Amino acid sequence: MESEQWNYEQLSDEIEAMCRSKAEEFRLLGYEYVTGRDIWDCVSRNYAKEGRPALHKLVNDIYSLKANSYMNYLTIAAYRGLN
């Protein structure tokens, strides 16, 4: 079975809505300054190496992102910014 093909431009509104939803969840957990763009940056960091994932994997990556994984991403990004 081939992975389903999807077009980012066609689904950008839906992807953005999923990221905003996840950011809202993080805000409810006390992470006040998380935005949908922050969620997308965290989730999509691996796609540059792996290429565009199947749509179901993308949705799963967004909705299954844990606060701890997001904080690890921010920590590593901060260290890389210092170099």
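Up top is the structure these notes are about.
This write-up is about the structure you can find in this document.

1. Notes on the overall build of the protein chain
Now for step 1: When you go through the protein chain residue by residue, the secondary structure sums to five helices and zero strands.
Now for step 2: Scanning the protein chain from its N terminus toward the C terminus, one meets helices and strands in the order α-α-α-α-α.
Now for step 3: In the protein chain, which comprises 83 residues, the proportion classed as buried is 28%.
Now for step 4: Taking the contacts inside the protein chain whose residues are at least 6 apart along the sequence as the reference set, 59% of them involve residues at least 24 apart.
Now for step 5: Counting every atom, the protein chain has about 6,100 Å² of accessible surface; 50% of that belongs to carbon and sulfur.

2. As for the pattern of salt bridges
Now for step 1: Under the criterion given, the structure shown has five salt bridges.
Now for step 2: Residues Glu 24 and Arg 27 are paired through a salt bridge, measuring 3.0 Å at the closest nitrogen-oxygen approach. Here Glu 24 and its partner Arg 27 are both found in helix α1 (residues 8–28), three residues apart, which amounts to about one turn of the helix.
Now for step 3: The class of Glu 24 is partly exposed, set by a relative accessible area of 36%.

3. A look at helix α4 (residues 55–63)
Now for step 1: Buried within α4 are the following residues: Leu 58, Asp 61 and Ile 62. Along the axis of α4, the buried positions cluster into a sector of 95 degrees, meaning they face one direction only.

4. Here's the deal with the environment of Leu 58
Now for step 1: In this fold, Leu 58 is placed in helix α4.
Now for step 2: Here Leu 58 falls in the buried class, since its relative accessible area comes to 0%.
Now for step 3: The sequence separation of Leu 58 and Tyr 47 amounts to eleven residues, and the corresponding C-alpha distance is 9.5 Å.

5. A short note on the packing of aromatic side chains
Now for step 1: For the coordinates displayed, the defined rule picks out four aromatic pairs.
Now for step 2: Between the aromatic rings of Phe 26 and Tyr 31, the centroid separation amounts to 6.2 Å while the plane-to-plane angle is 55 degrees, which identifies the pairing as tilted.
Now for step 3: Ring centres of Tyr 70 and Tyr 73 lie 6.3 Å apart, and the angle between their planes is 35 degrees; this geometry places the pair in the tilted category. Of the two residues, Tyr 70 and Tyr 73 both sit in helix α5 (residues 67–82), three residues apart, roughly one turn of that helix.
Now for step 4: What makes Tyr 70 buried here is its relative accessible area of 3%.
Now for step 5: In textbook terms, an aromatic cluster arises when at least three aromatic residues are bridged by ring pairs, as seen for Phe 26, Tyr 31, Tyr 70 and Tyr 73.

Cut-offs and rules
Residues numbered from 1 in each chain as written. Predicted model: local features only at pLDDT ≥ 70, side-chain atom pairs only at ≥ 80, totals over all residues. Heavy atoms only, no water. Helix = DSSP H or I, 4+ residues; strand = E, 2+ residues; numbered from the N terminus. Buried < 20%, exposed > 50% of the residue type's maximum accessible area, 1.4 Å probe, protein only. Contact = heavy atoms within 4.5 Å. Areas by Shrake-Rupley, 256 points an atom, 1.4 Å probe, with all protein chains shown as cover. Salt bridge = Lys/Arg side-chain N within 4 Å of Asp/Glu carboxyl O. Arc of directions from axis to C-beta. Phe/Tyr/Trp six-rings, centres within 6.5 Å; stacked < 30°, edge-to-face > 60°.

Without other data, these values stay purely geometric and don't point to any function.
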